[in-house]
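Coordinates in review
Chain by chain, the residues:
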Amino acid sequence: MPLTLGTILDSESLFIQDVLVIRHAYNAEPASSRLAGVHAGSTDDDILAYTRRQSAKSQIFPVTPPRFWIVLMPEGGDRGRLWRVVENRGELSNDGELREFDLVETDHLHDLLSRLVISWKAGRVWRVYGPTAATYPVLEVADAQPPRFPGFDQLVVSYDVLKAVVKERRYAAWQTALSSVVGIYLITDTRDGRHYVGKADGAENILQRWRTYAANGHGGNVALKERDPSTFRYSLLRVFDPSTPLRDINAAESHFKRALDSITHGLNRG
């Protein structure tokens, strides 16, 4: 039988009827509202503070939530990675707009923190009760840290991994590296091997450019809009220091378009 979250909960003697499972969503950037959300740079304290606060007007958050909350962080696709198991010790305040709960971190699933990855079957719904979540399959018990940044000349990632790289806190080292360079990148549609050669230059570094692809799959490029990004693969052809003259970056882009024939037989339109 496949391993499920319910099996894991049973091993910890966590009664599924007394469990709420939450998968947070990432905001692209920090926000200033009382329910500001979490983003790629949020600390553990930020995440706990955000989890404590719930909208008093929410139609989906329980009036009397269960004792234990299993909190997951989002990854590419339908994946959720375990952040913490917290104990709800009751509601501290409710001003009609915002409810705040007394949440305390527990030792439950301590050895699996940042390692347990499950398939989130609830789509855009961000919270489910224990009996529902108990059926969700365990995808992996992974290393707590992401793979080491492979270097610019070895970097090749799928669309799902790209979305994780540009958003998730555990990829902070990757984000730092990609934000430090501009240059030429390659998108390959693995269904037919056709290429798109693109560039990040001026005020836009590689990380910023790739965030647009993670957000909508096409980055505004005409030919890419016609395709499903789930089969795209991203890599770097050449990187430059941000101070590099624009003419040098443009020359490199033109070279790779010719070398890969990406205008006549690829996905570039010029």
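Quick note: structure is the one above.
Source: prediction; values computed, not measured.

Before going further, it helps to spend a moment on the layout of surface pockets. Put simply, the largest pocket is a space of about 730 Å³. Lining the largest pocket are 30 residues; nearest its centre among them are Arg 23, His 24, Ala 25, Tyr 26 and Pro 74. Every element with two or more residues in the lining of the largest pocket is listed here: strand E1 (19–23), strand E2 (53–55), helix H4 (159–167) and helix H6 (206–216). At 4 residues, the largest contribution of residues to the lining of the largest pocket is made by H4. Of the residues belonging to the lining of the largest pocket, the class tally is 14 nonpolar, 9 polar and 7 charged.

For strand E10 (residues 182–189), the buried fraction is high: 8 of the 8 residues fall into the buried class. As defined by bridge partners, E10 adjoins strand E12 (residues 232–240) across 8 bridges and the pair is classed as antiparallel. What sits directly across from Asp 189, in E12, is Phe 232. In terms of strand pairing, E10 meets strand E11 (residues 194–200) through 7 bridges, oriented antiparallel. Paired with Ile 187 across the bridge in E11 is Tyr 196. With antiparallel pairing between neighbouring strands as the criterion, E10 and E11 make up a hairpin whose turn holds 4 residues, including Gly 193 at a positive phi of roughly 75°.

This part takes up the side chain of Thr 106. Residue placement: Thr 106 occurs in the loop between strand E5 (98–105) and strand E6 (116–119). Here Val 85 takes part through its backbone oxygen, which lies 2.8 Å from a polar atom of the side chain of Thr 106. A distance of 3.2 Å separates a polar atom in the side chain of Thr 106 from the backbone nitrogen of His 108. Apart from residues lying up to four places away in sequence, Thr 106 is in contact with Phe 68, Val 85, Val 86 and Glu 87.

What follows deals with the sheet that holds strand E9 (residues 156–158). With antiparallel pairing, 4 strands are arranged side by side in an open sheet as E9-E12-E10-E11. Either end of the sheet is taken by a strand with one partner, and the two such strands are E9 and E11. Across the sheet, the mean angle separating the axes of adjacent strands is 25° when strand polarity is ignored. Set on the sheet, H6 makes contact with E10, E11 and E12; between it and E10 the angle comes to about 30°.

All right, on to H4 then. All of the buried residues along H4 are Tyr 159, Leu 162, Lys 163, Ala 164, Val 165 and Val 166. Elements in contact with the buried residues of H4: E9, helix H5 (172–179), H6 and E12.

The phi dihedral of Ser 13 falls on the positive side, at around 60°, and the residue is not glycine. Topologically, Ser 13 is positioned in the loop between helix H1 (5–11) and E1. By relative accessible area, which is 68% here, Ser 13 ends up exposed.

This part covers the packing of H5 against H6. Working note: a packed helix pair is described by the angle between its axes plus the distance between those axes. At a closest axis distance of 6 Å, the pairing of H5 and H6 adopts a crossing angle of 115°. With respect to H6, the element H5 is oriented roughly perpendicular. The residues of H6 that touch H5, namely those facing Gln 175, Leu 178 and Ser 179, are Ile 206, Leu 207, Trp 210 and Arg 211. Its residues assigned to classes, the contact of H5 with H6 shows 4 nonpolar, 2 polar and 1 charged.

What follows covers the pattern of salt bridges. Side-chain pairs of opposite charge can arise where the charged atoms are in close proximity. Under the definition given, this model contains 16 salt bridges. As a salt-bridge pair, Glu 75 and Arg 79 come within 3.0 Å of each other at their nearest N and O atoms. On the basis of relative accessibility, which here comes to 8%, the residue Glu 75 falls in the buried class. Two residues, Lys 257 and Glu 253, come together in a salt bridge whose shortest N-O distance is 3.6 Å. Of this pair, Lys 257 and Glu 253 both sit in helix H8 (residues 246–260), 4 residues apart, which is roughly one turn of that helix. Both residues of the pair, Lys 257 and Glu 253, count as buried. In this structure, a network of salt bridges that share partners links the residues Glu 75, Arg 79, Arg 81 and Glu 140.

Thresholds applied
Residues numbered from 1 in each chain as written. Predicted model: local features only at pLDDT ≥ 70, side-chain atom pairs only at ≥ 80, totals over all residues. Heavy atoms only, no water. 1 Å grid on protein atoms, 1.4 Å probe; cavity = no way out; pocket = protein on both sides within 12 Å on 5 of 7 lines; lining within 4 Å. Points joined across faces, edges and corners; volume = space filled by probe spheres on them. Helix = DSSP H or I, 4+ residues; strand = E, 2+ residues; numbered from the N terminus. Nonpolar A, V, L, I, M, F, W, Y, C, P; charged D, E, K, R; others polar. Buried < 20%, exposed > 50% of the residue type's maximum accessible area, 1.4 Å probe, protein only. Pairing = 2+ DSSP bridges. Polar contact = N/O pair within 3.5 Å; in protein donor to acceptor, adjacent residues only side chain to side chain. Contact = heavy atoms within 4.5 Å. Axes fitted to C-alpha atoms, helices over the stretch in contact; angles between N-to-C directions. Parallel < 35°, antiparallel > 145°, perpendicular 65-115°, else oblique. Salt bridge = Lys/Arg side-chain N within 4 Å of Asp/Glu carboxyl O.

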